[in-house]
Amino acid sequence: MKARVFVTLKNGVLDPQGKAIGHALNGLGFESVGEVRQGKVIDLDLSETDAAKAKASLKEMCEKLLANTVIEKYEIEIR
Amino acid sequence: MKARVFVTLKNGVLDPQGKAIGHALNGLGFESVGEVRQGKVIDLDLSETDAAKAKASLKEMCEKLLANTVIEKYEIEIR
Amino acid sequence: MKSAVIVFPASNCDRDAATALEEMTGKKAAMVWHQDSELPDVDLVVLPGGFSYGDYLRCGAMANQSKIMGAIKAHAAKGGAVLGICNGFQVLTESGLLPGALMRNAGLKFVCKPVSLRVEESQSSFTRKYEKGQTVTFPVAHGEGNYYADDETLNRLDGEGRVMFRYQDNPNGSARDIAGILNQKRNVLGLMPHPERVVDPLTGGTDGRKLFESLIEALS
Amino acid sequence: MTKITPELIREHGLSDEEYARIKGLLGRDANLVELGVFSVMWSEHCSYKSTRAHLKKLPTKAPWVIQGPGENAGVIDIGDGDACIFKMESHNHPSFIEPYQGAATGVGGIMRDVFTMGARPIAMMNALRFGEPEHPKTRHLVSGVVSGIGGYGNCMGVPTVGGEVNFHRSYNGNILVNAMCVGLARTDKIFLSAAKGAGNPVVYVGSKTGRDGIHGATMASAEFNEDSEEKRPTVQVGDPFTEKLLLEACLELMATDAIIAIQDMGAAGLTSSSAEMADKGGSGIELDLDKVPQREENMTAYEMLLSERQERMLAVLKPGREAEAEKIFRKWELDFAVIGVTTNTNRFIARHKGEIVADIPVTSLSDAAPVYERPFVKRAPAAGQPAYDSKKPVLDSLAKILAAPDMASRRWIWEQYDHSVMNDTVQPPGGDAAVVRVHGTRKALAITTDVTPRYCRPDPFEGGKQAVAEAWRNLTAVGATPLAVTDNLNYGNPQKPEIMWEIVAGIDGIGEACRALSFPVIGGNCSLYNETNGEGILPTPAIGGVGLIKDVTRQAGIGFKRDGDVIILIGETKGHLGQSVYLREIEGREEGGAPPVDLATEKKHGDFVRGVIEQGRVDTVHDLSDGGLLVAVAEMAIKGNIGADIGQASLADAIPFFFGEDQARYLIAAPFAEAEKIVAEARAAYIPVTELGKTGGSEIILNDKDRVALAKLRAAHEDWFPRFMGREEIPLTN
Ligand SMILES: Nc1ncnc2c1ncn2[C@@H]1O[C@H](COP(=O)(O)OP(=O)(O)O)[C@@H](O)[C@H]1O
Ligand SMILES: [Mg+2]
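Reference entry: report on the structure contained in this document. All values reported here derive from a predicted model rather than from experimental measurement.

**With respect to the sheet that holds strand S14 (residues 425-427) of chain D**
All names here are of chain D.
At step 1: One open sheet holds the six strands; their spatial order is S14-S15-S16-S21-S17-S18, and the pairing between them is mixed. Where the open sheet ends on each side, the last strands, each with one partner, are S14 and strand S18 (521-527). Across the sheet, the mean angle from the axis of one strand to that of its neighbour is 20°, orientation sign disregarded.
At step 2: When strand S17 (residues 481-490) meets S18, the two strands line up parallel, connected through six bridges. Looking at S18, one finds that Thr 486 is bridged to Gly 523.

**Some remarks on the coordination of the magnesium ion (ligand 2)**
All names here are of chain D.
At step 1: Taken together, Asn 72 (OD1), Asp 113 (OD) and Asp 264 (OD) make up the protein donors of the magnesium ion (ligand 2), found 1.9 to 2.6 Å from the metal.
At step 2: Read from N- to C-terminus, the donor residues coordinating the magnesium ion (ligand 2) fall into the pattern N-x40-D-x150-D. Taken as a pair, Asn 72 in the loop between strand S1 (65-67) and strand S2 (74-77) and Asp 113 in helix H7 (residues 99-115) lie far apart in primary sequence, 41 residues in all. In this pair, the class of Asn 72 matches that of Asp 113, namely buried.

**Description of helix H2 (residues 16-26) of chain D**
All names here are of chain D.
At step 1: All of the buried residues along H2 are Glu 18, Tyr 19, Ile 22 and Leu 26. Around the axis of H2, the buried residues are gathered within 100° of arc, so they sit on the same side. Pointing more than 90 degrees away from the buried face of H2 are the exposed residues Glu 17 and Gly 24.
At step 2: Where H2 is buried, its residues touch helix H1 (6-11), helix H3 (32-41) and strand S13 (355-361).
At step 3: Positioned one or two residues after H2, Gly 27 has a phi angle of 75°, which is positive.

**A word on the site of ligand 1**
Residues and elements named next belong to chain D.
At step 1: Taken together, 17 residues surround ligand 1, and among them Tyr 48, Gly 70, Glu 71, Glu 89 and Asp 487 come closest.
At step 2: Between an oxygen atom of ligand 1 and a main-chain N or O atom of Gly 70, the distance comes to 2.6 Å.
At step 3: Contacts to ligand 1 include Glu 71, whose backbone N or O atom sits 2.6 Å from an oxygen atom.
At step 4: In isolation ligand 1 has 550 Å² of accessible area, and contact with the protein removes 86% of it.
At step 5: Among the elements of the structure, strand S3 (82-90), S17 and S18 are those that each provide at least two residues to the shell around ligand 1.
At step 6: Of the residues belonging to the shell around ligand 1, the class tally is seven nonpolar, five polar and five charged.

**Re the pattern of salt bridges**
Residues and elements named next belong to chain D.
At step 1: Using the criterion set out here, one finds 83 salt bridges over all chains in the structure.
At step 2: Residues Arg 454 and Glu 661 are paired through a salt bridge, measuring 2.8 Å at the closest nitrogen-oxygen approach. Of this pair, Arg 454 sits in helix H17 (residues 453-456) while Glu 661 sits in the loop between helix H23 (654-659) and strand S25 (666-670), and the two are 207 residues apart along the sequence.
At step 3: Between Arg 589 and Glu 591 there is a salt bridge; the shortest N-O distance is 2.8 Å.

**Considering the interface of chain B and chain C**
At step 1: Every contact between the two is made by 16 residues of chain B and, on the other side, 13 residues of chain C.
At step 2: With both sides pooled, the region where chain B packs onto chain C buries about 1200 Å², and carbon together with sulfur makes up 64% of that total.
At step 3: Counting the contacts that link chain B with chain C gives one salt bridge.
At step 4: Linking chain B with chain C are six residue pairs in polar contact (both at pLDDT 80 or more).
At step 5: Elements with a contribution of two residues or more to the side of chain B that touches chain C: helix H1 (16-27), strand S2 (33-46) and helix H2 (51-66) of chain B.
At step 6: For the side of chain B that touches chain C, the class distribution of residues is eleven nonpolar, two polar and three charged.

**Considering the relation of the copies chain A and chain B**
At step 1: Expressed as a screw transformation, the operator carrying chain A onto chain B has a rotation angle of 180° and an axial translation of 0.0 Å, and the superposed copies differ by an RMSD of 0.2 Å. Taken together, the turn and the small shift mark the pair as related by a two-fold rotation axis. Residues of chain A ranked by C-alpha distance from the rotation axis are headed by Lys 40 of chain A, positioned 2.3 Å from it.
At step 2: Take the interface residues of chain A: 100% of them recur as interface residues in chain B, which is what a same-surface contact looks like.

**What to know about the nonpolar core**
At step 1: With 159 residues, the main nonpolar core has Leu 44 and Leu 66 of chain B together with Ile 72, Leu 83 and Phe 165 of chain C as its most contacted residues.
At step 2: For this core, the element with the highest residue contribution is helix H10 (residues 240-254) of chain D, accounting for nine residues.
At step 3: Apart from the residues lying within four places of it in its own chain, the contact partners of Leu 83 of chain C are Leu 44, Val 45, Val 46, Leu 47, Phe 126, Leu 189, Leu 191, Leu 211 and Leu 215 of chain C.
At step 4: In terms of nonpolar packing, the next biggest core, distinct from the first, is built from 84 residues, Met 180, Ala 433, Ala 444 and Ile 510 of chain D among them.

What counts and how
- Residues numbered from 1 in each chain as written.
- Chains lettered and ligands numbered in written order.
- Predicted model: local features only at pLDDT ≥ 70, side-chain atom pairs only at ≥ 80, totals over all residues.
- Heavy atoms only, no water.
- Pairing = 2+ DSSP bridges.
- Helix = DSSP H or I, 4+ residues; strand = E, 2+ residues; numbered from the N terminus.
- Axes fitted to C-alpha atoms, helices over the stretch in contact; angles between N-to-C directions.
- Donors = N, O, S within 2.8 Å, 3.2 Å for Na, K, Ca; no water.
- Buried < 20%, exposed > 50% of the residue type's maximum accessible area, 1.4 Å probe, protein only.
- Arc of directions from axis to C-beta.
- Contact = heavy atoms within 4.5 Å.
- Near = heavy atom within 4 Å.
- Polar contact = N/O pair within 3.5 Å; in protein donor to acceptor, adjacent residues only side chain to side chain.
- Areas by Shrake-Rupley, 256 points an atom, 1.4 Å probe, with all protein chains shown as cover.
- Nonpolar A, V, L, I, M, F, W, Y, C, P; charged D, E, K, R; others polar.
- Salt bridge = Lys/Arg side-chain N within 4 Å of Asp/Glu carboxyl O.
- Buried area = accessible area lost by both parts, 1.4 Å probe.
- Least-squares fit on C-alpha atoms with pLDDT ≥ 70 in both.
- Core = buried A, V, L, I, M, F, W, Y, C linked by side-chain atoms within 4.5 Å.

Written out as structure tokens, the structure reads:
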């Protein structure tokens, strides 16, 4: 099974990278670009075959290692 | 309009960070975890309303700035 | 030799480069703001180390979009010398002036320490004062100095004698221990280690002096 | 309008008596915004209410002190029109919650304190304390803190040249992250925070204000919790890129004469920076919050006044100079806004959407803040030499000690810091003090941070003295004349009398040592309430010391440099094993009293050692501290990659001789002829001096019989940290 985890900064937390990217894109003439936020995407191969179990275990991975829930939130996608 | 861009390392380009995450997850007892790859996710607010135009412009952003196509590939998602 | 140092937002080895150039050439380097569109009349352009644009997104990616890059490319096309150190090397690969890319260190950590380098070629304006095969010590200070290029490119770099410096003890996972490379026309050098930090015996040694002496001899 | 209830008062960390006092000062009830303003200004962090009465006792003056405590950082004169500006500050709690960002923003904050005074930062130090290595959180915290410090400092292009690290279970739930910044300015270009005069524009520069970092206590009140799915984090994300631009832009503006006063927005953000500037200038200030650059929509006055967004500064300009200043900040792509004006009303007034949302007498936020003489009770100090097994083989113990968590090489850490950028680092991390040249001169600054917390628990007074003495000794050992101190007083809960005693005695000890050594305190920071589950940290009054080397070619390092040098011990060895590293690492006990510090002896011995370095006669010196004599010899040998052949010169028993932690001692290595002269001169000055042996070979040899290969000691010393950290701890970055 393949899973994808998104780890992004919580709303309201300053995202200096996103800000700089947005600024650079505007500078390049992409004027339609408004707010930009950057996060991480983590793709995992899992030997687990039960989707529910996989999801539970991914949640635990996020809480334990992949995200710092003080400033980050995460989304899990089983594909 | 909101768009999401994924920038990930091309297959064949070594991803030490992904490997380290995989290793750490295995170390934490998540034995089901096999290969792990890490990439970037960039969320953009666009004032553009035409999806086709937005997509074309996002492609240009990726080629020009968001991805280094020597090592990275990208996917675009209009949401 | 007349030289210019490019200043990007959050360049931070610009002063070090200027100090070394002044010490070695006796002349002040021109400091050129990234928003300028023209270079002064110089023989050498230095892209200094640092964290241009905070290294956000990718090291060197945003600096590569600066206005001054057009002038730098034109300078290089005319055969003018360009030296990219550390972040400057990253900007040069992003701009396509040098092949390949610099990825995150294999050890995933920033690494600052003196490293031993083999001078692979003395046939260049950057290295003519060194002996081929000589070992020198320059410091590295980077988080993303892991040189990557596909095999074809690597073979070409090797075949054309364009690998100028190789790590003796690879600190970052670089392909084929590459620390610095030349472009095909041999007038653009990019390297991760810092020659400008080794021009004074009190602060790390003098192994970098010959690089500047080479340039002075070649370009004056 | 929100009613001020007892719950709300408590959530703001104020007592009922304090609120009554606020009402008295205002002559009415406070509104919610005002309550927020008082709560941050009267917090322990900003008002020093528990320590202020005691801090007054510290010596702060000397002919070379230009600015003592009371400004963003202290300033000393280092000759030729050059000034050195420095300060140390803690970011303990945020670093525990989010180690990378907590440490990074700590670095950013202390840099702003220094460059807001007109200095270019030239060196960073950090004093770190973590829980025991076995604790499940420790590696994660070490990894995050170290990469956060590096992440911010490296991007700023300021070398991080040293610091210290301890591990102890008392820090399991309360790590300490103290960062120190040293900068250089010209004595006639120092910027202060006194907003003198009325009618001057108040300008805001740097990052936009967001809701991030608003005081945790207030988060509980529902009114500020619009997006309930995500509790507002109180941790800041650092933006070193913006800070670097802010630094360059501020220095560019400072090169003009447009500034009247300037101050960074640190703790308590806009509120404290504006109120403090008005207070120091004896003026008033009016802010129009609608003009504040905002990152988020619908921000309330409360949020704007209390946001602790980093990378921002507040300046008061001469009228008419706004456009010139704006041009500079725009060039660096930073926000710039005139958000207010100084007045002669002595009131702090904030307007929002046409209404006055706060109207407070300025002095009620500063002078009228409460000061507490908290009660304290003394613990009896421990005394006497602890028992030990005298048969343990000395060299085995040495190898073990060199690989102990507190003693092992910190290379794993400092190789992650750019310590050579700016090209003036003469002594990188790994010596007694870092040495950084004053750019373009022959002068250099020596910098160190020191405290031995395990001494401070049994004897906070001697421990405080010792911290100062060790900092002074470290500066001396490189050949510098120690000039001044910044402190960072980390303690537990001051409302507990036994902790309050630790604080009071610690300050007394620091004061006594600073007075005796002419080493004034020119700034500092207090971090109290470092407690988890009722257990306080070891008292940890970190001392940051700065000294001056007049001729950078005359300095000393710890590494042996030549074969055949004579190794000389300066100072008396009594063999004090109480609270020693030996006792803890080899006998497994933390016991006994702190080693006594005789300040007159410290001064005498130190002045002698500095003298021979300054005369250019000696280039190899190491002071004796943690681990004692043999550990120092081993460190000198490992650093220089040259062995030593030494003998037990006094005391009947080898263990106290080689591992005792008596103070006021140094090792010198010098060629034979010079060594003979030094010994004679020391004797003539009645300074205890012993010839221990000679440098050479690739082993350490004791008493002509026991020997150990340097390679083995080096491996033990270097391996511990990388092995401990392993590969699992990965800083997750983009
Ligand atoms: N322990 C201390 N010893 C001496 N001075 C101190 C101490 N703690 C704080 N100070 C001084 O009090 C003033 C206010 O400190 P602080 O609030 O930490 O400064 P800032 O607002 O710049 O962060 C500073 O000038 C500081 O030097
Ligand atoms: Mg301050």
